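Residues per chain, in single letters:
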Amino acid sequence: MPIKPSNPLIPSWSQDQLDCPSSPETEAAYFDPLLNAWVLSKYSDVLAAFRTSSLVLSSPRLGKTIELPDDRERARIRVEALESLSPVPLRRWRDKLNREVYEVADGLSTEKPVDLMDDYARPLCLSLAAMTTGISRDDGARLYEGARHVSAAAAEPYDHALRASAKAANAEIRRYIPSSPERLDSSGFVALSQTLPCLLGNAWFALIQYPLQWTELHQQPALIEQAIEELLRYSGLARTVTRIATADIDLNGCLIRKGEQVILRIIAANRDPDRFPQPNQVDIHRNEGAHFTLGSGSHSCVAAGLIRMAAATITRPLLERFGAPTLVSPVEWQGGSGFRFPRSLWVRLPRAPQDEARI
Ligand code: HEM
């Protein structure tokens, strides 16, 4: 069932979740007086917003201005992060991760139900987080619980208690993982150890609903990169990003005044029927182009290449080794108005069809 937000500032569309039969609705841009913000959900509006230099980053906690680093500092951080995520380290991490993923996949039972989150996604993502930040696995395991608090606060940005515990946990993680130009920092650790499993859980839940497409990927693993792109579009993660106008702008005919907040409903735009025919279906052969799951434009996710690499590397062994899984218990959804994900994904993994034939 969708969550029922008790906070009136949490809009009804923040209840969108993956197991709802209907898609997130797209509608014309409107000003929401309660949120005190413009709400954009059509693909063309969200794209225009991403491209407009007069809309700058703002805090997702609406109605509250928080200090963000100035543009020059942000640009410096971005360049530094992109350097630490260049193709050379990406290949090195991929090769290292690749050795681990098959080992863990081969340990998954085909006799008993397995939890794809705790038995597969989370340990591998934690390993990648330790690898990319240069900390030991033991330290990674030690910081895991704190990172969970930080991620929980991002999943429900309106919860004050979660925010307070995230602040303390963040400080602790930063002490262990200082910023360095060659490695990911503490926020990279949190994103990889916590957010990446959520993204994978959503993607796998979606694919499990389409067993024929799982089988096709099993037969043609070369399709995996394009399938990951479609799963990112369909299942997404963060519901919104926010901006504030630094000047009056005309956005596709809608007048946004200087100082007004704008909410970009990226998961709704990813399902806009004007852009993606039959948007509520997973179709690994789709080629309508870019989605917004990793942002777009000058503030798009610096780790997009890493996320795509990790998603493909971690998903590939499941597709190669097993036939289409079946869910053995209802998914318990976790998170809040920021993003939602399966707490666990209990499935039965059948042996791959050709292995079955050999027995
Ligand atoms: C795990 C899944 C991840 C998702 C779904 C994700 C998603 C996003 C999205 C949607 C944006 C755009 C925000 C906006 O336009 O306001 C963004 C920006 C960003 N992401 Fe990620 N991200 C992920 C992982 C990471 C990781 C691992 C890192 C660490 C290196 C990272 C670093 C950043 C940074 C630094 C920005 C801001 C870029 C800027 O302002 O120039 N992300 N991310």
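Residues numbered from 1 in each chain as written. Predicted model: local features only at pLDDT ≥ 70, side-chain atom pairs only at ≥ 80, totals over all residues. Heavy atoms only, no water.

Let's shift gears to the site of the ligand. Not every one of the 21 residues close to the ligand is listed here, only the nearest: Arg74, Arg78, Arg243, His299 and Cys301. With respect to the ligand, the side chain of His299 contributes an N or O atom lying 2.9 Å from an oxygen atom. Those elements that place two or more of their residues in the shell around the ligand are helix H2 (71–84), helix H7 (186–208) and strand S5 (240–245). Residue contributions to the shell around the ligand peak at five residues, all from H7. (Near = heavy atom within 4 Å. Polar contact = N/O pair within 3.5 Å; in protein donor to acceptor, adjacent residues only side chain to side chain. Helix = DSSP H or I, 4+ residues; strand = E, 2+ residues; numbered from the N terminus.)

Attention shifts here to the pattern of salt bridges. A full pass over the atoms with the stated rule returns 18 salt bridges. Across the pair Asp274 and Lys42 runs a salt bridge, and its minimum N-O distance is 3.2 Å. Taken together, the residues span a long stretch of sequence, with Asp274 in the loop between helix H10 (266–269) and helix H11 (304–321) and Lys42 in the loop between strand S2 (37–40) and helix H1 (43–51) at a distance of 232 residues. We classify Asp274 as exposed; its relative accessible area is 64%. Across the pair Arg343 and Asp118 runs a salt bridge, and its minimum N-O distance is 3.7 Å. Placement of Arg343 in the loop between strand S11 (340–342) and strand S12 (346–348) and of Asp118 in helix H4 (residues 116–133) is noted, with a sequence separation of 225 residues between them. (Salt bridge = Lys/Arg side-chain N within 4 Å of Asp/Glu carboxyl O. Buried < 20%, exposed > 50% of the residue type's maximum accessible area, 1.4 Å probe, protein only.)

On to the sheet that holds S5. Taken in spatial order, the five strands of this open sheet run S1-S2-S8-S5-S3, and their pairing is mixed. With partners counted over all chains shown, the strands left at the sheet margins are strand S1 (30–32) and strand S3 (55–57), one partner each. Strand-to-strand twist in this sheet, taken as the mean axis angle between neighbours without regard to direction, amounts to 40°. Pairing geometry for S2 and strand S8 (residues 261–265), over four bridges, is parallel. Bridge assignment links Ala37 to a residue of S8, and that residue is Gln261. Sheet contacts for H1: S2, S3, S5 and S8; angle to S8, the most-contacted strand, approximately 125°. (Pairing = 2+ DSSP bridges. Axes fitted to C-alpha atoms, helices over the stretch in contact; angles between N-to-C directions. Contact = heavy atoms within 4.5 Å.)

The next point concerns the packing of aromatic side chains. Geometry of an aromatic ring pair is reported as the spacing of the ring centres plus the angle between the planes. Overall, the coordinates contain seven aromatic pairs when judged by the stated rule. Taking 5.6 Å as the distance between ring centres and 80° as the angle between the ring planes, the aromatic pair formed by Tyr43 and Phe276 counts as edge-to-face. Here Phe276 lies in the loop between H10 and H11 and Tyr43 lies in helix H1, a separation of 233 residues in the sequence. On the accessibility criterion, Phe276 (1% relative accessible area) is buried. Aromatic pair Phe205 and Trp333: ring centres 5.1 Å apart, planes at 85°, arrangement edge-to-face. Here Phe205 is found in helix H7, whereas its partner Trp333 is found in strand S10 (residues 333–335), with 128 residues between them in sequence. Comparing Phe205 with Trp333 shows no difference in burial state: the two are buried. Every member of this aromatic cluster is reached through a ring pair, and the members are Tyr43, Phe50, Phe276 and Phe292. Taking NZ or CZ as reference, Arg275 lies 5.8 Å from the ring centre of Phe276, over its face. (Phe/Tyr/Trp six-rings, centres within 6.5 Å; stacked < 30°, edge-to-face > 60°. Lys NZ or Arg CZ within 6 Å of the ring centre and 35° of its normal.)

With that settled, the discussion passes to unusual backbone geometry. At Asn252, a residue that is not glycine, the phi angle is positive and equals roughly 50°. Within the secondary structure layout, Asn252 lies in the loop between strand S6 (249–251) and strand S7 (254–256). Although it is not a glycine, Gln278 adopts a positive phi angle of roughly 45°. Note on placement: Gln278 falls in the loop between H10 and H11. Residue class for Gln278 comes out exposed when judged on its relative accessible area of 54%.

Note on Tyr43: relative accessible area 5%, which makes it buried. Residues Tyr43 and Glu172, spaced 129 residues apart in sequence, show a C-alpha to C-alpha distance of 39 Å. In this structure Tyr43 touches Ala269, Asp272, Arg275, Phe276, Ala290 and Phe292, once residues within four positions along its chain are discounted.

Next up on the list: the sheet that holds S12. Here we have three strands laid out as an open sheet, ordered S4-S12-S9, and antiparallel in their pairing. Two strands in the sheet have a free side with no partner beyond their single neighbour: strand S4 (114–115) and strand S9 (326–327). Bridge count for S9 against S12 is two bridges, and the pairing is antiparallel. Residue pairing in the sheet places Leu327 in a bridge with Val347 of S12.

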